[in-house]
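# Examination of the molecular architecture
Each chain is listed here by its residues.
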Amino acid sequence: MTDAKTPFELMMTQAQEMAKAFNPSLTSFDPKGFEKMWPTMGKDAMEMWFGKGLSKDGLDSKTRLLLTLAGMTMQGAQAETPFRMTVRHAAEAGATKDEIAETIAQMSMFAGIPAMTRAMELAREVMEDDKKDDET
């Protein structure tokens, strides 16, 4: 007899076995490694795609990305890779570390302290990683 497993545990085991069958390297996939392969979009490109491309009098890319961080914080910062990438893009678009932190902190009133804390942890990781990259 096997140990009783929850449906979630059974689903995860099955998914892991399927990943091994498709590609053995998927079993050791690291999202942070994937992030390093994905470059930060340049400010001009962000401005074209996410900034005033929709409306010349509209929001700039920095403001749009800070709003995106606010929304992702409200959702509990569950999608770690997109959240970290958005922090990088916001910084590239001109947002300061204080503006990023303030945007996240403001969401504590609406999303709660746990969601804000998780988002701050992820943002801090990105800022520390970027600082290390600058030093090398």
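As a reminder, the structure under discussion sits directly above these lines.
Residues numbered from 1 in each chain as written. Predicted model: local features only at pLDDT ≥ 70, side-chain atom pairs only at ≥ 80, totals over all residues. Heavy atoms only, no water.

Along the backbone of the protein there are eight helices and zero strands. Starting at the N terminus and walking to the C terminus, you meet the elements of the protein as α-α-α-α-α-α-α-α. Within the protein, the proportion of its 136 residues that are buried is 26%. (Helix = DSSP H or I, 4+ residues; strand = E, 2+ residues; numbered from the N terminus. Buried < 20%, exposed > 50% of the residue type's maximum accessible area, 1.4 Å probe, protein only.)

Looking now at the pattern of salt bridges. For the structure shown, the criterion picks out five salt bridges. The partner of R84 in a salt bridge is E80, and the shortest N-O contact between them spans 3.4 Å. With R84 and E80 both in helix α5 (residues 80-92), this residue pair falls four residues apart, about one helical turn. For R84, a relative accessible area of 3% corresponds to the buried category. Of the charged contacts, one joins R118 and E80 as a salt bridge, the two residues approaching to 2.5 Å between their closest N and O atoms. With R118 in helix α8 (residues 113-135) and E80 in helix α5, the pair connects residues that are 38 residues apart, well separated along the chain. Where salt bridges share partners, they join E80, R84, R118, E121 and E125 into one cluster. (Salt bridge = Lys/Arg side-chain N within 4 Å of Asp/Glu carboxyl O.)

On to a nonpolar patch on the surface, then. Among the surface-exposed residues, F8, M11 and M12 lie close enough to one another that they form a single nonpolar patch of about 310 Å² accessible area. Examined against the element boundaries, F8 turns out to sit in helix α1 (residues 7-22). A relative accessible area of 54% places F8 in the exposed class. (Patch = residues over 30% accessible without salt bridge, like charges linked within 9 Å, V, L, I, M, F, W, Y side chains within 5 Å. Areas by Shrake-Rupley, 256 points an atom, 1.4 Å probe, with all protein chains shown as cover.)

The next point concerns helix α6 (residues 97-106). The complete set of buried residues in α6 reads I100, T103 and I104. For α6, the angular spread of buried residues about the axis comes to 95°, placing them on one side. In α6, those exposed residues whose orientation departs by more than 90 degrees from the buried face are D98 and E102. (Arc of directions from axis to C-beta.)

So, on to the packing of helix α4 (residues 61-74) against α6. Packing of α4 against α6 leaves a shortest axis separation of 9 Å and a crossing angle of 40°. Between α4 and α6, the angle falls in the class oblique. Crossing angle aside, the handedness with which α4 passes α6 is right-handed. Of α6, the residues touching α4 (which contributes K62, L66, L69, A70 and T73) are E99, I100, T103 and I104. Broken down by class, the residue content of the contact of α4 with α6 amounts to five nonpolar, two polar and two charged. (Axes fitted to C-alpha atoms, helices over the stretch in contact; angles between N-to-C directions. Parallel < 35°, antiparallel > 145°, perpendicular 65-115°, else oblique. Left-handed = near helix turned anticlockwise from the far one by under 90°. Contact = heavy atoms within 4.5 Å. Nonpolar A, V, L, I, M, F, W, Y, C, P; charged D, E, K, R; others polar.)

With that settled, the discussion passes to α5. At 3.6 residues per turn, the α-helix brings residues three or four places apart onto the same side. In this model, α5 (13 residues) spans 18 Å end to end at C-alpha, consistent with the 18 Å of a helix rising 1.5 Å per residue. Within the sequence span of α5, burial applies to T81, F83, R84, M85, T86, V87, R88, H89 and A90. (Expected span 1.5 Å × (residues − 1).)

This next bit is on the nonpolar core. Judged by nonpolar contacts, the single largest core of 19 residues is most densely connected at L69, F83, V87, A90, I100, I104 and A123. The dominant element in this core, judged by the number of residues it contributes, is α8, at seven residues. Once residues lying within four places of it in the same chain are set aside, the contact partners of A123 are F83, V87, I100 and I104. (Core = buried A, V, L, I, M, F, W, Y, C linked by side-chain atoms within 4.5 Å.)

By themselves, these are just geometric observations and shouldn't be taken as functional.
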